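Structure assessment
Here's the letter readout for the chains.
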Amino acid sequence: MATQPTWWKQAVLYELYVRAFRDADGDGHGDLRGVIERLDYVRDLGVDVLWLLPLSPSPLRDDGYDVTDYCDIHPDYGTLDDLRDLIDAAHARGLKVITDLVMNHTSSDHPWFQASRRRADGKADWYVWSDDPERYSEARVIFTDSETSNWTWDEVRGQYYWHRFFHHQPDLNYDHPDVRSTMLDVIRFWLECGVDGFRLDAIPYLYQREGTNCENLPETHAFLKVLRAHVESITPGAFLLGEVNQWPEDTLPYFGDGFDEMPLLFHFPVMPRLWKALAQGDAAPIRWILERTPAIPASCQWVVFLRNHDELTLEMVTEEERAFMYAAYAPEPVMRLNVGIRRRLAPLCDFERPRIELLHSLLMTLPGTPILYYGDEIAMGDDLTLFDRNGVRTPMQWNDGPGAGFSENPTTYAPLLRGATAPQRVNVAAAERDPGSLLHWIRTLIATRKRHPALGGGSFAMLPSPDPALAVFLSTSEDDAVVAVHNLAAEPRRLELAVPALAGRRLRLGFGGRLSQDAPRGTEATADAIPVALEGHGYAWWSPAEAPA
Ligand code: GLC
């Protein structure tokens, strides 16, 4: 049976785009050596796992999610030796490294696809070809702003090929045994390079079957079980995180029996509801999705996030919720992309610190392992003039120098931000100097979370609240408990809260923000009458007096 470590239940992840982080060789593109130079910064955040966006050779028409060679590194990023050095340097600092594995599709420039265009070639069936573009018509189009169909005509072959994403990303044919075995070889290759695991991109779409929506098919689960056993045989306990953007009931089967499929899965639908609850000043959307979230095997874990390298996806919401979210967070059409919103975290909060803090406090006390996206810890802005999702993938802002400490080259792969969020105003060096900066606050937040084994690793309940604006989370483990009270409303809240599960216990206020100054406010209370005295968007974490502070 597969081994199942649980260290990652308390872990915090940091998602990092290598091209955007630090350019060590001065060519204007971030690279692996640049990441090595900045590893102390990453470690000092208090995170445990680095998730690196795709590293392989690629025309970068989808930032590396369009692979042309699975077993090498993009020359702009460095070499395989650089990656090995990065992994060693990370491990020396107690950090793990996972990379994206893009199994579903390749670039149309991949030699496999080029070969497949000739019907007589040995790889002719490595992709999904058809004479009929009406095949699999129940499958939705995902990139609705760029594609109108999942089929594209190929002149050379004289047939259509299948793609769930951009037309230049043909889907591999997982019905072909050579495709499956080759992908298992690719996995072995990276594990032998030393990576600690993978974020498995777009796994619901591996197979197609007529009469279905071509998502979450039994064949997909069967292959993922093979994949899991293969990974375990090479690197027992590897960190495997599946990208399954589905409703909880459709996501649940990807955990398998707890040991034979994915140990970790993103909880996509909770994310937009955190934002919605914030905009509404009402915790109901969070309660709604958590109540719809089934229990998962004890050996498995949700992974939660506020933002990432993609648009803030609104696929797993109702029409009505989507309209609300667009009105609240993307009033200008330029802010919208596909079924989502292409803005960064800080701009979505109008750069208002209380809202940024509140969202992070929710994130760190939800059930699951949280991910932070590079740059959000310094409230980086975005650039809506850039194409597609590029506006949330701009160079990391290290200092106020000409190249922002990102590059010595005046021409960077994407322009540095200008105006109010330019590196001259928003950068790591300035945040380091300011003890009250968001960066310092994030470090404290992470350190506090990690002192509480109940967070991430314990059992979780969203408690009934006497006030709809309050989200009250209770996490408990053997020796620890955290009652996290969040005020979603912009107005203050004052009341007393009873937590029967901790009845009679003495609690201490451990961590909080926007605590009312003008109300009698204790830092000690009993669980029968916790004094809630929060300003708008305030939050407070209470724990038994004997638990870690
Ligand atoms: C995933 C990635 C996204 C990419 C897509 C196609 O959703 O997160 O960035 O464009 O897969 O590979």
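Residues numbered from 1 in each chain as written. Predicted model: local features only at pLDDT ≥ 70, side-chain atom pairs only at ≥ 80, totals over all residues. Heavy atoms only, no water.

**Re the site of the ligand**
- Among the 13 residues in the neighbourhood of the ligand, the closest are listed as Asp-62, His-105, Asp-201, His-309 and Asp-310.
- At 2.9 Å, a side-chain N or O of His-309 approaches an oxygen atom of the ligand.
- Arg-389 places a side-chain nitrogen or oxygen 2.9 Å from an oxygen atom of the ligand.
- Against a free-state accessible area of 310 Å², the protein chains account for coverage of 96% of the ligand. (Near = heavy atom within 4 Å. Polar contact = N/O pair within 3.5 Å; in protein donor to acceptor, adjacent residues only side chain to side chain. Areas by Shrake-Rupley, 256 points an atom, 1.4 Å probe, with all protein chains shown as cover.)

**What to know about the packing of helix H6 (residues 177-193) against helix H7 (residues 218-234)**
- The interhelical angle for the contact between H6 and H7, taken along N-to-C directions, is 30°, at an axis separation of 10 Å. Regarding the angle of H6 to H7, the classification is roughly parallel. Between H6 and H7 the crossing geometry is right-handed. Across the interface between the two elements, Arg-180, Leu-184, Ile-187, Arg-188 and Leu-191 from H6 touch Phe-223, Val-226, Leu-227, His-230, Val-231 and Ile-234 from H7. (Axes fitted to C-alpha atoms, helices over the stretch in contact; angles between N-to-C directions. Helix = DSSP H or I, 4+ residues; strand = E, 2+ residues; numbered from the N terminus. Parallel < 35°, antiparallel > 145°, perpendicular 65-115°, else oblique. Left-handed = near helix turned anticlockwise from the far one by under 90°. Contact = heavy atoms within 4.5 Å.)

**Section: the sheet that holds strand E6 (residues 159-162)**
- Strand order in the open sheet made by the 3 strands is E4-E6-E5, with antiparallel pairing throughout. What marks the edges here is a single partner per strand, and that holds for strand E4 (129-130) and strand E5 (151-154).
- In the sheet, E4 pairs with E6 via 2 bridges, with the strands oriented antiparallel. Note on E6: the bridge partner recorded for Trp-129 is Tyr-161. (Pairing = 2+ DSSP bridges.)

**Section: empty space enclosed by the protein**
- Applying the stated criterion to the full structure yields 5 cavities of 30 Å³ or more.
- Estimated volume of the largest cavity: approximately 320 Å³.
- If you trace the largest cavity, you find 23 residues lining it, with Phe-143, Phe-165, Glu-243, Asp-310 and Arg-389 closest to the centre.
- Estimated volume of the second largest cavity: approximately 90 Å³.
- Along its surface, the second largest cavity is lined by Pro-54, Leu-55, Ser-56, Val-67, Tyr-70, Thr-99, Asp-100, Leu-101, Val-102, Trp-190 and Phe-198.
- For the lining of the second largest cavity, the leading source of residues is strand E3 (residues 96-101), giving 3 residues.
- Taken together, the residues that form the lining of the second largest cavity break down as 8 nonpolar, 2 polar and 1 charged. (1 Å grid on protein atoms, 1.4 Å probe; cavity = no way out; pocket = protein on both sides within 12 Å on 5 of 7 lines; lining within 4 Å. Points joined across faces, edges and corners; volume = space filled by probe spheres on them. Nonpolar A, V, L, I, M, F, W, Y, C, P; charged D, E, K, R; others polar.)

**Regarding the domain arrangement of the protein chain**
- For the protein chain, the domain assignment lists domain 1 (7-102 + 177-430), domain 2 (105-171) and domain 3 (451-544).
- For domain 2 and domain 3, the distance between their C-alpha centroids amounts to 52 Å. (Domains from an automatic or database assignment.)

**Some remarks on unusual backbone geometry**
- Positive phi, normally seen in glycine, also occurs at Ala-202, with a value near 50°.
- Looking at where Ala-202 falls in the secondary structure, it is placed in the loop between strand E7 (197-200) and H7.
- Taking the relative accessible area as the measure of exposure, Ala-202 reaches 1% and is therefore buried.
- Residue Asp-350 is not a glycine yet carries a positive backbone phi of 50°.
- The residue Asp-350 is located in the loop between helix H12 (345-348) and helix H13 (353-365) in this model. (Buried < 20%, exposed > 50% of the residue type's maximum accessible area, 1.4 Å probe, protein only.)

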